[in-house]
Amino acid sequence: MRRNSRAADAGTLERLFGGADGLLPLWIAEPDVGLAPGIVAALEERAALGWYGYEMRPRSVVESFWEWMSDRHGWNGTDLQASVSPSVGTSISVLIDLFTEPGDGVVIQPPVFTDFKPIVTSAGRTAVRNPLTLTDDGYRMDLDDLESKVAEPETRMMILCNPHNPVGRVWTLRELREVAEICARHGVFVVSDEIHADIALPPHRFTPFAAAASDAGVGWAAAHGPIKTFGLAGVCDSLLVTNDEQVAKRFRSAASRFHLNRNNAFGIAAFETAYRTGARWLDDLLGLVSDNFTLLRENLPDGVTLIEPEGTYLAWLDFRSLGMGVPDLARWLPRSAHLALSPGHWFGRQGAGFARMTVAVPTERIEDAIGRLTEAVEMHDA
Ligand SMILES: Cc1ncc(COP(=O)(O)O)c(C=O)c1O
């Protein structure tokens, strides 16, 4: 449970939402339930050693990842290269540095995870937008627009969010193949952020970009790790996976140059224990997430709609029929509904009129959120 967490302290709530009093915080993308007991025990055990010097990373850490991927997702990738990286953001930044030049274009698909754009622009590259399209059937990629953006000579890279935060799409093999083929045609390198891989809601299944890339001949790398699934962002490492030895070699050389591969004793313990012992906990989490989505779908007040999720524990809520502008909705959520959600415009202007709510929380909290929204909508309509 998030007790005494800095992420939700009063100062942060004040800064982001203009106040903290009585706010129900549901904006951070991590599970806020009791974490997997095996992981907590492993960390306690490691702490109890009372020795925190240089740590070696056993090979079993990466092996645990591949066993997990094979068991849960049918992905056998032991012939691929897996390199350790402190975070997904680090991996993407290093790849941008290695495989693009200042001024080059990097495609992103808004509305999308808030960090992609600043990672691209702070490196002096241009964020090239290929917005997702909301159809009657949910969000889809605009592949014609993608092809035209990727065909620009300055465009050198694409960051894919698979599954997609915040709209909850779990991209299909067919969609990923189309992306792979388009990017292969124009020599654009694909970075697939697959950190939400484990949270696919049946019948949807996670497809690694690797599966789509193999025949297309596209350059790619994918970011993975247990941080989102198991709520380990504060302790854990991530992995960068690729089929290309040269990409792995260059990534490792940059990691070594900047000492990005320092081993963290707790990160190592958490990573391997999560993958070796966390399956049942994750099954329970998926059940909770699915129940909470059902609750939202059936009980949201008129005027607020859940975009049908296929994966992630993030509800993408459509408030457009309430007719509020961007600043009004961003104020109304905390002030009238007393909810700290991520307003949609944080994910790009395509998110205007939407908000993201984390549903990996005890069901009572979702019931509470629905009650708050219902009251606020009634007052808004009155
Ligand atoms: C799609 C996606 N990528 C990356 C991250 C963050 O990963 P890291 O903290 O390892 O950079 C998040 C966090 O919400 C995310 O949703």
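Residues numbered from 1 in each chain as written. Predicted model: local features only at pLDDT ≥ 70, side-chain atom pairs only at ≥ 80, totals over all residues.

J.: I would appreciate a short explanation of the nonpolar core in the present structure.
T.: The tendency in soluble globular proteins is for nonpolar side chains to be buried side by side. The biggest cluster of nonpolar side chains holds 112 residues, and the ones touching the most others in it are Ile159 and Val190. Here this core gathers at least three residues from each of two domains, domain 1 (6-30 + 279-381) and domain 2 (41-277). Every residue in contact with Ile159, bar those within four places of it in the chain, is listed here: Ile92, Val106, Val107, Ile108, Phe116, Val191 and Asp193. (Core = buried A, V, L, I, M, F, W, Y, C linked by C-beta atoms within 7 Å. Buried ≥ 20, exposed ≤ 12 C-beta atoms within 10 Å, placed from the backbone. Domains from an automatic or database assignment. Contact = placed C-beta atoms within 7 Å.)

J.: Mind showing me how you'd approach the site of the ligand here?
T.: For the ligand, the set of nearby residues contains 13 residues, the closest of which are Ala29, Ser87, Val88, Gly89 and Asn165. Classifying every residue of the shell around the ligand gives seven nonpolar, five polar and one charged. (Near = placed C-beta within 6 Å. Nonpolar A, V, L, I, M, F, W, Y, C, P; charged D, E, K, R; others polar.)

J.: Quick question: what am I supposed to make of helix 2 (residues 37-48) here?
T.: Counted at 1.5 Å a residue, the expected span for helix 2 with its twelve residues is 16 Å, and the 16 Å between its end C-alpha atoms agrees. Immediately downstream of helix 2, the backbone of Gly50 shows phi near 65°, a positive value. (Helix = DSSP H or I, 4+ residues; strand = E, 2+ residues; numbered from the N terminus. Expected span 1.5 Å × (residues − 1).)

J.: So what exactly am I meant to see when it comes to the domain arrangement of the protein here?
T.: Quite often, the size of an interface is put as the accessible area lost when its parts meet. What the domain assignment lists for the protein is domain 1 (6-30 + 279-381) and domain 2 (41-277). Distance between the C-alpha centres of domain 1 and domain 2: 26 Å. Counting residues at the interface gives 22 residues for domain 1 and 23 residues for domain 2. Elements with a minimum of two residues in the side of domain 1 that touches domain 2: helix 12 (279-299) and strand 12 (314-318). No other element matches helix 12, which puts four residues into the side of domain 1 that touches domain 2. Here the residues of the side of domain 1 that touches domain 2 sort into eleven nonpolar, seven polar and four charged.

J.: Can you help me understand the sheet that holds strand 12 in this one?
T.: If you trace the four strands from one edge of the open sheet to the other, you get 11-12-15-14, paired in antiparallel fashion. Every interior strand has two partners, whereas the edge strands, strand 11 (305-306) and strand 14 (342-343), have only one. Examined bridge by bridge, strand 14 and strand 15 (residues 354-358) share two bridges and lie antiparallel to one another. Note that in strand 15 the partner of Pro343 across the bridge is Ala355. (Pairing = 2+ DSSP bridges.)

J.: What is the right way to look at the sheet that holds strand 4 (residues 126-129) in this model?
T.: Remark on secondary structure: sheet strands pair via backbone hydrogen bonds, oriented parallel or antiparallel. Within the open sheet, the seven strands sit side by side as 2-10-9-8-7-3-4. Their pairing is mixed. The sheet terminates laterally at strand 2 (81-85) and strand 4, the two strands that pair on one side only. Neighbour-to-neighbour, the strand axes of the sheet open up by a mean angle of 25°, direction not taken into account. The pairing of strand 3 (residues 105-108) with strand 4 spans four bridges and is parallel. When the sheet's bridge partners are listed, Val107 is paired in strand 4 with Val128. Together, strand 3, strand 4 and strand 7 (155-161) form the strand contacts of helix 6 (residues 143-150), whose direction differs from that of strand 7 by roughly 145°. (Axes fitted to C-alpha atoms, helices over the stretch in contact; angles between N-to-C directions.)

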